[in-house]
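Below are the chains, spelled out letter by letter.
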Amino acid sequence: MLQGKKILIGVSGSIAAYKSILLTRLLIKAGAEVKIILTPSAKDFVTPLSLSTISKNPVLTDLSDENSWANHVMLGRWADVMIIAPLSCNTLAKMANGLCDNLLLAVYLSATCPVAVAPAMDEDMWKHPSTKANLQKIETFGNKIIPVEKGELASGLFGDGRMAEPETIIQFIETIFFLKKDLEGKKALVTAGPTYEAIDPVRFIGNHSSGKMGFAIAEELALRGAEVHLVAGPNSLQVDNPHIKAISVESAEEMYNACNDVFKDVDIAIMSAAVADYTPVEKSNEKIKKGKDVFTIELVKTKDILKTLGTQKKKSQVLVGFALEKSNEKQYALEKLKAKNADMIVLNSLNDAGAGFGYNTNKITIFEKNGNELHYDTKPKQQVAKDIVDRIVNMLYA
Ligand code: CTP
């Protein structure tokens, strides 16, 4: 996505300036062309030599020396994006007030490209009303703010104010500035989370699914332009993307009905929910009192949503199922692909560390109906969602 993109990095004086070396390296690895400007005080934290070596471009710090004048206007025009990382309190205040006493600020003021900033400061500075006011002000100028992270700070204290990690900065830039809207005009259905099968008004049969994978998929689809129906079982997650319509359900039956209502209108359906396979035959209206030593609950199979949608599927629709397995993973995944008439099965193995319920990461293998088998490393669920959606887009436009 960043191949051939021209990125201008502005580094201001903060201990987090050391991260600009990794940021540069990752951008170069992703195929971007990188130019770097340091403020005079940034030179106390990171050397022009290390940054020019990694970026393969001279690093600029001064508006002029006795032999030359840095063309700040052309630098701002050269770039596809300017990233100011780290953004110190001082540079933030100057940006908010249009000050121009160094090259970085002169380029910022004359930049015609979009600008993103990654603030870095100690928690008390971060919380100061003037910092908040300055950030709000530069946001109204159109600058994008990359959220700070919580963690250990240069002071030794723990709190908000750490600059976002270079990987996060790159993900932010890709999402905000370079993401292809390859699903514009498409509609999608995603299921997420567990289902709760009521035994009585206070008890249920459920599972440990957090819903994180399904929510990440819904977010990725929406970012790429799709209108998403997210049918989710009980969870603690929030949706704030206007292109995601969240439909809350509790039981497998409710999830089945919600999916059936919209399936005929969607181009893509991804069944990532951990739907209960069985539900109590009888649901008591009263709280069941303690009595017999042995208590038996009779269960009946729920409707298989994925399988039902598989029977209704039109040629133009892409249907994706999940499989969570502990043994014979490949065999079971391939059986599900066929039995449920899906186009793709995303396999999670319970044998992989950092994969499955509750984790922020996942490790998947994708089996496609054309025989493709794609293995992926353990990654944050947002990136796993991107990998899955990439394959869906590939299939949709094949
Ligand atoms: N699924 C569904 N409706 C159900 C049960 C499962 O839509 N009632 C979907 C899941 O969302 C997932 C896929 O089917 O996409 C696989 O679910 P899984 O429970 O692993 O498969 P089962 O066919 O139920 O088989 P088993 O539990 O025996 O592995």
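Residues numbered from 1 in each chain as written. Predicted model: local features only at pLDDT ≥ 70, side-chain atom pairs only at ≥ 80, totals over all residues. Heavy atoms only, no water.

K.L.:
With reference to specific residues and values, describe the site of the ligand.
P.N.:
Around the ligand lies a shell of 14 residues, among which M271, A273, F322, K336 and K340 are the nearest. At 2.6 Å, a backbone N or O of M271 approaches an oxygen atom of the ligand. In this structure, a nitrogen atom belonging to the ligand sits 3.0 Å away from a main-chain N or O atom of K303. Of all elements in the fold, only α11 (305–312) and β16 (318–325) reach the threshold of two or more residues within the shell around the ligand. Classifying every residue of the shell around the ligand gives seven nonpolar, two polar and five charged. (Near = heavy atom within 4 Å. Polar contact = N/O pair within 3.5 Å; in protein donor to acceptor, adjacent residues only side chain to side chain. Helix = DSSP H or I, 4+ residues; strand = E, 2+ residues; numbered from the N terminus. Nonpolar A, V, L, I, M, F, W, Y, C, P; charged D, E, K, R; others polar.)

K.L.:
I'd like a description of the sheet that holds strand β2 (residues 33–38), backed by residues and values.
P.N.:
Strand order in the open sheet made by the five strands is β2-β1-β3-β4-β5, with parallel pairing throughout. In the strand order of this sheet, the two ends are held by β2 and β5 (144–145), each with one partner. Where strand β3 (residues 81–87) and strand β4 (residues 115–119) come together, four bridges link them in parallel fashion. Within the sheet, the bridge partner assigned to M82 lies in β4 and is V115. Packing against the sheet, helix α4 (residues 89–97) makes contact with β3 and β4, and its axis sits at approximately 135° to β3. (Pairing = 2+ DSSP bridges. Contact = heavy atoms within 4.5 Å. Axes fitted to C-alpha atoms, helices over the stretch in contact; angles between N-to-C directions.)

K.L.:
Give me the nonpolar core: which residues, what numbers.
P.N.:
Proteins that are soluble and globular tend to have nonpolar side chains buried together. Counting 33 residues, the largest nonpolar core has I217, L221, V228 and I388 as the members making the most contacts within it. Contributing elements (two or more residues each) for this core: β8 (187–192), α9 (212–223), β11 (227–232), β13 (268–271), β16, β17 (344–349), β19 (364–368) and α13 (381–396). Excluding anything up to four places from it in sequence, I388 contacts M213, I217, F322, V346, I364 and I366. (Core = buried A, V, L, I, M, F, W, Y, C linked by side-chain atoms within 4.5 Å. Buried < 20%, exposed > 50% of the residue type's maximum accessible area, 1.4 Å probe, protein only.)

K.L.:
So what's going on with the domain arrangement of the protein chain? Which residues, and what values?
P.N.:
Looking at the assigned domains, one finds that the protein chain contains domain 1 (6–178) and domain 2 (187–396). Each of domain 1 and domain 2 has a C-alpha centre, and these two points are 41 Å apart. (Domains from an automatic or database assignment.)

K.L.:
I'd love a proper account of the sheet that holds β19, names of residues and values included.
P.N.:
Hydrogen bonds along the backbone pair up the strands of a sheet, which may run parallel or antiparallel. As summarised here, the arrangement of the eight strands in space is β12-β11-β8-β13-β16-β17-β19-β20, forming an open sheet in which the pairing is mixed. With one partner strand each, in any of the chains shown, β12 (244–248) and β20 (373–375) form the two edges of the open sheet. Ignoring which end each strand starts from, the neighbouring axes of this sheet average 15° apart. Contacts from helix α10 (residues 252–263) reach β8, β11, β12, β13 and β16 within the one sheet, and its direction differs from that of β8 by about 170°. Against the sheet, α13 touches β13, β16, β17, β19 and β20, its axis set at about 10° to β19.

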